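Now for the letters of each chain:
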Amino acid sequence: MNIEMKRIAVLTSGGDAPGMNAAVRAVVRTSVFYGLQCYVVYQGYQGLIDGKIKQANARSVNNIINKGGTILKSARSLEFRTPKGRQKAFDNIKKFEIDALVVIGGDGSFTGALIFQNEFNIPVIGIPGTIDNDIYGTQHTLGYDTALNTVVEVIDKIRDTASSHNRLFFVEVMGRDAGHIALNTGIGAGAEEILIPEENRGLDQLLESLKHSEKSGKSSSIVVVAEGDKTGKNVFELATYVEQNLPYYEVRVSVLGHMQRGGSPSCFDRVLASRMGVHAIESLREGKSKVMVGVMNDKMELTPLEEAIKGKSEINKDLLRVTDILSI
Ligand code: F6P
């Protein structure tokens, strides 16, 4: 049963991720397809507070499916964390007669969305967008696949120079709280060791593994380190520690940083974004809200926002075993 709804608004929030534009396009076009009016909000929740809201039509989202970043811009709004800020945002929701809100972002953005619906009873639905893939209730977040491909491409290049100079490289990848990027790109790029926040195997194991690599005749090596790893040392300190303990290694560090968040989305992310956008609008029309759209075993699923925020997206520990076997 479809509920009475006329106007939808969509915003992007938190760290940008490739595929966000494809999701905005899908939300706008699906709304139009079902005869709804769609409004886009610029600058995330801050734009909602400041009234940066514009009506969109099917043509407003031409030629964005392939673009990285977010054309709607993103911001972390401190004002939206205050009741006064949220009241201002709701005043604009009323002014523009918006019936429901689609939030494309990560768990911080979903926390804001949940509080907003609880306070003002405005239906919200989340689309998970973050390269970290650290959201419960979906096997893939928007931007994750693109980031994996970007990182693997860069590590391949680092491997060329590492092997030309017989060097050991520590490559730091994003993932403040999650090791998905490190684990998968580590395997994809043939790393010796992968250090992730979820599993601290200790510095001794790292030294042992590198000693073994050297003895087994490897002349160069790559260690992939997630930025949130739990060794207690940052990537530069790790490099120094290894050089001090294994002086035969000449070590270099590459911190990949925000380049991992940019670039044109992969086909996988474009398809995912398109499916999520369609499903988000169809779910709102069915009266669903306070939920996040996700994909599980290639099927679209809804997870309560509360669970998506509190739950932990587990890493696949078997991937560590695979690395151990293949890095002999
Ligand atoms: O997008 C997620 C993430 O990339 C994290 O891995 C990283 O720690 C963080 O964003 C950094 O974001 P910012 O520089 O925008 O605060």
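Because the structure is a prediction, the values reported are computed rather than measured.

Draft legend 1. Here's a closer look at the sheet that holds strand β9 (residues 251-255). On the basis of which strands lie adjacent, the open sheet formed by 4 strands has the order β7-β8-β6-β9 and parallel pairing. Sheet topology places β7 (193-195) and β9 at the edges, where each strand pairs with a single neighbour. On average, adjacent strands in this sheet sit at an angle of 20 degrees to one another, irrespective of strand direction. Across 6 bridges, strand β6 (residues 168-173) lies against strand β8 (residues 221-226) in parallel orientation. The residue of β8 that forms the bridge with Val-173 is Ala-226. Lying over the sheet, helix α6 (residues 180-188) contacts β6, β7 and β8, oriented at roughly 170 degrees with respect to β7. Seen against the sheet, helix α8 (residues 235-245) touches β6, β7, β8 and β9 and runs at an angle of roughly 170 degrees to β9.

Draft legend 2. Summary view of the environment of Arg-7. With respect to the secondary-structure elements, Arg-7 resides in strand β1 (residues 7-12). Judged by its relative accessible area of 18%, Arg-7 is buried. Separated by 34 residues in sequence, Arg-7 and Val-41 place their C-alpha atoms 13 Å apart. With residues near it in sequence (within four places) discarded, Arg-7 still touches Gln-37, Tyr-39, Phe-96, Glu-97, Ile-98, Asp-99 and Ala-100.

Draft legend 3. A look at helix α5 (residues 144-164). With 21 residues, α5 extends 30 Å between its outermost C-alpha atoms, agreeing within 8% with the 30 Å of an ideal straight helix rising 1.5 Å per residue. Taken residue by residue, α5 has Tyr-144, Asp-145, Thr-146, Ala-147, Leu-148, Thr-150, Val-151, Val-154, Ile-155, Ile-158 and Ala-162 as its buried positions. Buried residues belonging to α5 abut β6, α6, β8, β9 and α9 (267-285).

Draft legend 4. Quick peek at the site of the ligand. As a matter of local geometry, the ligand sits amid Arg-76, Asp-132, Met-174, Gly-175, Arg-176, Glu-227, His-258 and Arg-261. At a separation of 2.9 Å, an oxygen atom of the ligand approaches a polar side-chain atom of Asp-132. In this structure, an oxygen atom belonging to the ligand sits 2.9 Å away from a side-chain N or O atom of Arg-261. Starting from 400 Å² of accessible surface for the ligand in isolation, the protein chains cover 80%. In the shell around the ligand, the residues fall into 1 nonpolar, 2 polar and 5 charged.

Draft legend 5. Up close: the side chain of Ser-13. On the secondary structure map, Ser-13 appears in the loop between β1 and α1 (20-33). A relative accessible area of 4% places Ser-13 in the buried class. Side-chain polar atoms of Ser-13 contact the side chain of Ser-109, separated by 2.9 Å. Ser-13 has contacts with Met-20, Tyr-45, Ser-74, Ala-75, Ile-104, Gly-105, Gly-106 and Ser-109, leaving out every residue within four places of it along the chain.

Draft legend 6. Layout of the pattern of salt bridges. Summed over the entire model, instances satisfying the criterion amount to 15 salt bridges. Taking the shortest distance from any N to any O, the salt bridge between Asp-16 and Arg-261 comes out at 2.8 Å. Here Arg-261 lies in the loop between β9 and α9 and Asp-16 lies in the loop between β1 and α1, a separation of 245 residues in the sequence. Across the pair Arg-321 and Asp-318 runs a salt bridge, and its minimum N-O distance is 2.6 Å. Highlighted residues: Arg-321 and Asp-318, both in helix α11 (residues 318-326), separated by 3 residues, approximately one helical turn. Accessibility expressed as a relative area gives 47% for Arg-321, which makes it partly exposed. Using a relative accessible area of 35% as the deciding quantity, one classes Asp-318 as partly exposed. Residues participating in the shared-partner salt-bridge network are Arg-167, Glu-250 and Arg-252.

What counts and how
Residues numbered from 1 in each chain as written. Predicted model: local features only at pLDDT ≥ 70, side-chain atom pairs only at ≥ 80, totals over all residues. Heavy atoms only, no water. Pairing = 2+ DSSP bridges. Helix = DSSP H or I, 4+ residues; strand = E, 2+ residues; numbered from the N terminus. Axes fitted to C-alpha atoms, helices over the stretch in contact; angles between N-to-C directions. Contact = heavy atoms within 4.5 Å. Buried < 20%, exposed > 50% of the residue type's maximum accessible area, 1.4 Å probe, protein only. Expected span 1.5 Å × (residues − 1). Near = heavy atom within 4 Å. Polar contact = N/O pair within 3.5 Å; in protein donor to acceptor, adjacent residues only side chain to side chain. Areas by Shrake-Rupley, 256 points an atom, 1.4 Å probe, with all protein chains shown as cover. Nonpolar A, V, L, I, M, F, W, Y, C, P; charged D, E, K, R; others polar. Salt bridge = Lys/Arg side-chain N within 4 Å of Asp/Glu carboxyl O.

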